[in-house]
Amino acid sequence: MSPEVLSTPVVDTAKPTDRAQSRARVARKRKAVVSSARLVLLVAVLGLWEMLSRAKVIDPFNFSMPSQIWDQIWTWITHGTALGSLGEQIWFTLHEALLGWAFGVVAGVVLGIALGRIAFLADVLGPYIKVLNSIPRIVLAPIFVIWFGLGPASKVASAVVLVFFPVFFNAFQGAREVDRNLVSNARILGASDRRVTLQVVIPSATSWIFTSLHVSFGFALIGAIVGEYIGATKGIGLLVAQSQGTFNAAGVYAAMVILAAVALVAEGLLTFAERRIFRWKPADSGH
């Protein structure tokens with residue numbers, strides 16, 4: 001055999017489409033395995049909880065059991081709650097959380113971008129924001145009830161203060177992390193400060209802002225629930241308070257399950273919106 005034959009390199013003849021299909025199959029298989037593992041874990045935890053409660057290893061009065069929690073949810077769905085229909089309670093809480101989330105996000109993004117772009121504002125307002133951030137914001141809920149009453153306004157205010165800070169700090173950091181070369185090139189091309197902010201800084205900070213949105217909606221729900229728990233006329237938080245007052249552990253857990261379902265739906269919608277906006281970003285093969 002000639003040396004030329006021995007030295008001939010091996011060429012990968014696999015087509016790009018074949019490799020892409022293979023990676024897609026591997027990704028689908030991994031997704032199926034992960035989903036199955038999650039389902040098995042959930043069934044195992046719920047089954048163990050049910051078994052221990054029925055065997056009186058744990059006190060069913062205090063800890064309830066999954067079957068009783070489901071019965072409570074089904075009763076609320078079919079017969080309503082003492083406050084009205086379950087859908088009305090969910091919408092009441094969701095409406096407060098959405099309003100608080102929207103106001104908190106807008107305020108956090110505007111102030112975060114402004115302080116990230118204007119050093120003088122950051123130097124003046126920075127210490128005050130740090131002080132306000134150090135205050136446990138849950139303790140403000142009773143004050144808001146005193147100020148705004150038992151209506152939705154006090155719950156919206158509680159949601160706003162919980163949402164504002166994570167959004168603000170992410171927007172601020174995103175504005176500070178903008179590629180200076182992009183800013184310099186925009187200025188060379190004659191862009192004003194306003195156009196640099198709108199066309200360079202804000203788009204660059206969008207991924208930072210979206211990261212905070214996933215967390216902040218959960219905070220908005222917490223703010224609304226805490227406000228309702230302290231004092232309200234409707235809402236899931238009031239259902240929790242009433243269930244606790246009557247030592248109905250199943251009712252407390254049922255309200256938590258409903259809130260978790262609402263939060264998961266909101267998370268799914270945010271993830272869908274993020275993927276639509278950032279379609280240009282390469283997918284993470286590890287997830």
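Heads up: the structure comes first, above all this text.
Once a new chain begins, its residue numbering starts again from 1 and follows that chain's sequence as written. Only residues with pLDDT of 70 or above have their local features reported here, since the model is predicted, and side-chain atom pairs are shown and tallied only from 80 upward, although totals for entire chains, interfaces and linings are computed over all residues. As a rule here, side-chain values come from all non-hydrogen atoms in the structure, and water together with hydrogens is ignored.

**Here we look at a nonpolar patch on the surface**
So, step 1. Residues enter patches when they are more than 30% accessible in relative terms and free of salt bridges; like-charged ones are connected within 9 Å and nonpolar ones (Val, Leu, Ile, Met, Phe, Trp, Tyr) within 5 Å. Each accessible area is a Shrake-Rupley estimate made with a 1.4 Å probe; only the visible protein chains count as cover when residues are assessed. Salt-bridge detection follows one rule: a side-chain nitrogen of Lys or Arg within 4 Å of a carboxyl oxygen of Asp or Glu. Judged by side-chain polarity, Ile118, Phe120, Val124, Leu125 and Tyr128 come together as a nonpolar surface patch covering roughly 510 Å² of accessible area.
So, step 2. Put simply, DSSP H or I for four residues or longer makes a helix, DSSP E for two residues or longer makes a strand, and each gets a number counted from the N terminus. Relative to the helices and strands, Phe120 is located in helix H6 (residues 119–134).
So, step 3. Relative accessibility decides the category of a residue: with a 1.4 Å probe and only protein chains considered, values under 20% of the type maximum give buried, values over 50% give exposed, and everything between is partly exposed. Taking relative accessible area as the criterion, Phe120 reaches 61% and is therefore assigned exposed.

**Section: the packing of aromatic side chains**
So, step 1. Note on ring pairs: Phe, Tyr and Trp rings are taken, using the six-membered ring of Trp, and paired if centres are within 6.5 Å. Classes follow the plane angle, with under 30 degrees stacked, over 60 edge-to-face and the rest tilted. Evaluated as defined, the whole model comprises 11 aromatic pairs.
So, step 2. Judged by centre distance (5.8 Å) and plane angle (85 degrees), the rings of Trp101 and Phe217 are edge-to-face. Of this pair, Trp101 sits in helix H5 (residues 86–117) while Phe217 is found in helix H10 (residues 193–230), placing the two residues 116 residues apart along the sequence. Of the two residues, Trp101 and Phe217, neither departs from the other in class, the shared state being buried.

**So, the layout of surface pockets**
So, step 1. Computed from the structure, the second largest pocket encloses a volume of approximately 240 Å³.
So, step 2. Taken together, Leu42, Leu46, Trp49, Pro66, Ile69, Trp70, Ile73, Tyr253, Met256 and Val257 make up the lining of the second largest pocket.
So, step 3. Considering each element in turn, the lining of the second largest pocket owes the most residues, 4 residues, to helix H4 (residues 66–79).
So, step 4. Only Asp, Glu, Lys and Arg are considered charged in this grouping, and only Ala, Val, Leu, Ile, Met, Phe, Trp, Tyr, Cys and Pro are considered nonpolar; every other residue, Gly among them, is considered polar. Of the residues in the lining of the second largest pocket, the class split is 10 nonpolar, no polar and no charged. With a 1 Å grid laid over protein atoms only, a set of points is called a cavity when a 1.4 Å probe fits there but cannot get out and a pocket when it is open yet has protein on both sides within 12 Å along at least five of seven lines; lining residues have an atom within 4 Å of a point. Grid points are joined across faces, edges and corners, and a volume is the space filled by probe spheres set on the points.

Worth remembering: the numbers are spatial, not functional.
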